[in-house]
Structure formats: C-alpha cells, structure tokens
Amino acid sequence: LVDGKFIKKTPKAAYLDMGAFGTGIVYGIELMNAQEVLKEAKPGDVITGKIIDIENEDGYVELSLREVGKQRSWQEVKELKEKGDVIDIKITGANSGGLMTELNSLKAFLPVSQLASSHFPKVDDGDKAKILEELKKLVGMEMKAKIIDVNPRNNKLILSEREIVNENVKELLNKYKVGDIVDGVIGGVADFGAFFQFTDNPSIEGLIHISELDHRLIENPKEVVKVGESVKAKIVEIKDGRVSLSLKALKPNPWDKVEEKYKAGEEYSGTILRFNPFGAFVGLDSDIQGLIHVSEFGSIDEMKKQIEVGKSYTFKIDSVKPAEKRIILKLKKN
C-alpha cells in the first residue's frame, strides 16, 4: 500500500503523484470501482492505493483503490493474531464443518474441532445432518474467540473458541497428574467416546475415548455409560490443555486370566455379535470376544450364509493371545 497525492481525473483515468515512485494511474475497471473514493477528491488530497503493476507499458504505476480497505482489514487481523488478542464475534451461519462469522468485514470460519466443549455438538452417531442441527442453534450467539490462521491469498481466516478455554483449563489442570483417579459426570456421548466433567472443577471436561471405556470391544459408548451418570475415571494423559481419561483402567482386566478359562483346541459355544470386513466377532461370555476370520468361509457373502448375527454356534479355539486381547476361532462343522 502506498500514498499518493491526487493530481486529476479524466473520463478514462485518475492520476496520483507517487513522489519517488513516479506517477500512479487508476483506470479501466479499477477506475469504475474507485468512483466513490475519487468523487470528492481535490488536487493535493492524499489517497492510499494498492500497487498492482510497478510500471506498465506507458511508464505509470498501476493502482487499485478498491483493494485498500480489504488489505488493511487483513493487516489488522494479522496483528490481532500476533498479539494473541481475544476477540468478540457473533455467529452468522453454520454448516456441518463449523460456524461462520465476520471480522473486520472479512468472512471468518470457526471449525467444529475448535469449539469449546460446552458448544461442541455431542451427536451419538456422528451424523452430519444432526451435527448441523446442533450448530444452527448457535447462530446469532455472541462468543469470544482467538485467531489461529490468517491467509489473505486463500481468503482464509480461522478462529478458535477452544484456545481460550484451553488457556484457563491449563492452569486448572496443574493440580492433577497422570494416574490420578477423579470423580466426574458423563456430560455427553459421541460415537468416538464420552465427555467427562470433573466434579470438583466443572469447567474441566475431558474425553474418555471409546477404546478406554471397557476391555471388550464396543460399538457405541452408550453400551457402557449414559449422560448424567456419576463415574470414577483415571487420568491417562494431560497435553496442551486437554485431558484424556480411562474407565477400563479401573476395571479388572478379564484378559489377564483368559488362558485359565479358554484353551486352544477346545470347543465352546459363542454368539455372533457383528460382522466386519475381516470376519465376525463372537461373544464367548459377557467380557470376552473371539474372532472368526472371513478366510474360514472364503468370502463375506459365504460367511453371512453360514452364520447369522444373534445366533449361537459351537466354535473350536485355534489360538489364545492375551497380550493382543485376541482369541481366534474356527466354526465346528456338523
């Protein structure tokens, strides 16, 4: 951006004295877009322009006046990011990926992943339509955020609400350490796990990943926990203002003694729980599941012809691997 003194305007161009840069010219579509700026201009008035060509074929510095305000806006938001300032925003729209707003007349985006846990859409199955419905409820809301990414070239301005919360939570988390057992309440359930709100510090909300809910494989966290339930959990990680917890760490591990109960070569009854691309999971008891591989049948279609979900069959144990929490099964042929 450069300043120049207005010289004159003709029907085809406007001219500015750029000092050591020479003479600046605004013409064509840029002249049409600059009518409001030039309407009241008098010789000698200082006007800021954006250089779009240092020297054109006629020797002039080509300028755009339209882009000046936009470039200043980008410069201001860049300074806000560098200073780490907290800004006030008002949500103007939503899509399944996050929320839209405006900052300094620039379009800005707040991704779902950057929402504070209190605003995070806790949708059970990760359904995008349901996520969008939850996000639409935030349209019109005023909230505080920080700028985390500024890229004028790509018109990208990314905000975060979580960054502010994380700063406060980081301080609160100083009193906890990995291995601590804490009391809390299940504040929400999503397809990837459960949100755990600390009883003694309700502003801290951690995540119990689905793999940390139980020793057995589960498809839906609701099989183990429900919203509003009071539970104890063990802290397994504290990193960057986030805390991860485990329920299964406080439960006896049934795989520790699995070899006492199940032995290779012996036959057991089991119920088909679900199929996956590798085969089928078989419930041997309430805690232990085995796997029968699809290769035993030749194809997924053939497997589904021979066994059905919910039905019980007799299986022979091929191998028991406690360290991998795996029992490999073969179907007993009649």
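Look up a bit, the structure's there.
Attention here is on the structure that accompanies the text. (Residues numbered from 1 in each chain as written. Predicted model: local features only at pLDDT ≥ 70, side-chain atom pairs only at ≥ 80, totals over all residues. Heavy atoms only, no water.)

Focus on the sheet that holds strand E12 (residues 181–190)
Moving on, step 1. As summarised here, the arrangement of the five strands in space is E12-E13-E14-E16-E15, forming a closed barrel in which the pairing is mixed. In this sheet, adjacent strand axes meet at a mean angle of 50° when their direction is disregarded.
Moving on, step 2. Pairing geometry for E12 and strand E15 (residues 230–239), over five bridges, is antiparallel. Bridge pairing in E15 links glycine 184 to valine 231. (Pairing = 2+ DSSP bridges. Helix = DSSP H or I, 4+ residues; strand = E, 2+ residues; numbered from the N terminus. Axes fitted to C-alpha atoms, helices over the stretch in contact; angles between N-to-C directions.)

Describing the environment of asparagine 151
Moving on, step 1. Mapped onto the elements of the fold, asparagine 151 is located in strand E10 (residues 142–151).
Moving on, step 2. Residue classification places asparagine 151 among the partly exposed positions, given a relative accessible area of 23%.
Moving on, step 3. The sequence separation of asparagine 151 and lysine 78 amounts to 73 residues, and the corresponding C-alpha distance is 8.8 Å.
Moving on, step 4. Not counting residues within four places of it along the chain, the set of residues in contact with asparagine 151 comprises Trp74 and Lys156. (Buried < 20%, exposed > 50% of the residue type's maximum accessible area, 1.4 Å probe, protein only. Contact = heavy atoms within 4.5 Å.)

Some points on the layout of surface pockets
Moving on, step 1. Approximately 740 Å³ is the volume found for the largest pocket.
Moving on, step 2. Forming the boundary of the largest pocket are 29 residues, of which Ser117, Arg162, Phe195, Glu205 and Arg242 lie nearest the centre.
Moving on, step 3. A total of four residues in the lining of the largest pocket trace back to one element, the largest contributor, which is helix H5 (residues 162–172).
Moving on, step 4. Residues of the lining of the largest pocket, tallied by class, amount to 11 nonpolar, 10 polar and eight charged. (1 Å grid on protein atoms, 1.4 Å probe; cavity = no way out; pocket = protein on both sides within 12 Å on 5 of 7 lines; lining within 4 Å. Points joined across faces, edges and corners; volume = space filled by probe spheres on them. Nonpolar A, V, L, I, M, F, W, Y, C, P; charged D, E, K, R; others polar.)

Let's talk about the sheet that holds strand E5 (residues 61–64)
Moving on, step 1. Strand order around the closed barrel formed by five strands is E1-E2-E3-E5-E4, with mixed pairing between neighbours. Between one strand axis and the next, the sheet turns through 55° on average, direction left out of account.
Moving on, step 2. As defined by bridge partners, strand E2 (residues 13–17) adjoins strand E3 (residues 23–27) across five bridges and the pair is classed as antiparallel. The residue of E3 that forms the bridge with leucine 16 is glycine 24.

A word on the side chain of arginine 162
Moving on, step 1. Looking at the secondary structure, you find arginine 162 in helix H5.
Moving on, step 2. Among buried charged residues, arginine 162 stands out as having no salt bridge; its nearest opposite-charge side chain is glutamate 163, 4.8 Å away.
Moving on, step 3. Reaching out from arginine 162, the side chain makes a polar contact with the backbone oxygen of serine 113 at a distance of 2.7 Å.
Moving on, step 4. If we ignore the near neighbours within four places in the chain, the residues touching arginine 162 are Ser113, Gln114, Leu115, Ala116 and Arg242. (Lys, Arg positive; Asp, Glu negative; His and termini not counted. Salt bridge = Lys/Arg side-chain N within 4 Å of Asp/Glu carboxyl O. Polar contact = N/O pair within 3.5 Å; in protein donor to acceptor, adjacent residues only side chain to side chain.)

Quick look at the pattern of salt bridges
When their charged atoms lie close together, side chains carrying opposite charge are able to pair.
Moving on, step 1. Applying the stated rule across the entire model yields 15 salt bridges.
Moving on, step 2. A salt bridge links aspartate 180 to lysine 177; its shortest N-O distance comes to 3.1 Å.
Moving on, step 3. Accessibility expressed as a relative area gives 17% for aspartate 180, which makes it buried.
Moving on, step 4. Owing to a relative accessible area of 55%, lysine 177 belongs among the exposed residues under this scheme.

Digging into the nonpolar core
Moving on, step 1. In this structure, Val77, Ile89, Leu99, Ile147, Leu157 and Leu159 are the most contacted members of the largest nonpolar core, which totals 22 residues.
Moving on, step 2. Among the elements that make up this core, the one with the highest residue count is E10 (four residues). (Core = buried A, V, L, I, M, F, W, Y, C linked by side-chain atoms within 4.5 Å.)

Some points on the environment of serine 244
Moving on, step 1. One can find serine 244 in strand E16 (residues 242–246).
Moving on, step 2. As for serine 244 and lysine 234, which are separated by 10 residues in sequence, their C-alpha atoms are 8.6 Å apart.
Moving on, step 3. Setting aside its immediate chain neighbours within four residues, serine 244 contacts Leu207, Lys234, Ile235, Val236 and Glu237.

A few points about unusual backbone geometry
Moving on, step 1. Of note in this structure, serine 105 is not a glycine but carries a positive phi near 70°.
Moving on, step 2. Relative to the helices and strands, serine 105 resides in the loop between strand E8 (98–103) and strand E9 (106–111).
Moving on, step 3. Residue serine 105 is classed as exposed on the basis of its relative accessible area, which comes to 69%.
Moving on, step 4. One non-glycine residue, asparagine 155, lies in positive phi territory at about 55°.

Re helix H3 (residues 67–83)
Moving on, step 1. The first and last C-alpha atoms of H3 sit 25 Å apart over 17 residues, in line with the 24 Å expected at 1.5 Å per residue.
Moving on, step 2. If you check which residues of H3 are buried, you get Val68, Ser73, Trp74 and Val77.
Moving on, step 3. Buried residues along H3 sit in contact with strand E4 (46–53), E5, E8, E9, E10 and strand E11 (156–160).
Moving on, step 4. A positive backbone phi angle near 75° is found at glycine 84, which sits one or two residues after H3. (Expected span 1.5 Å × (residues − 1).)

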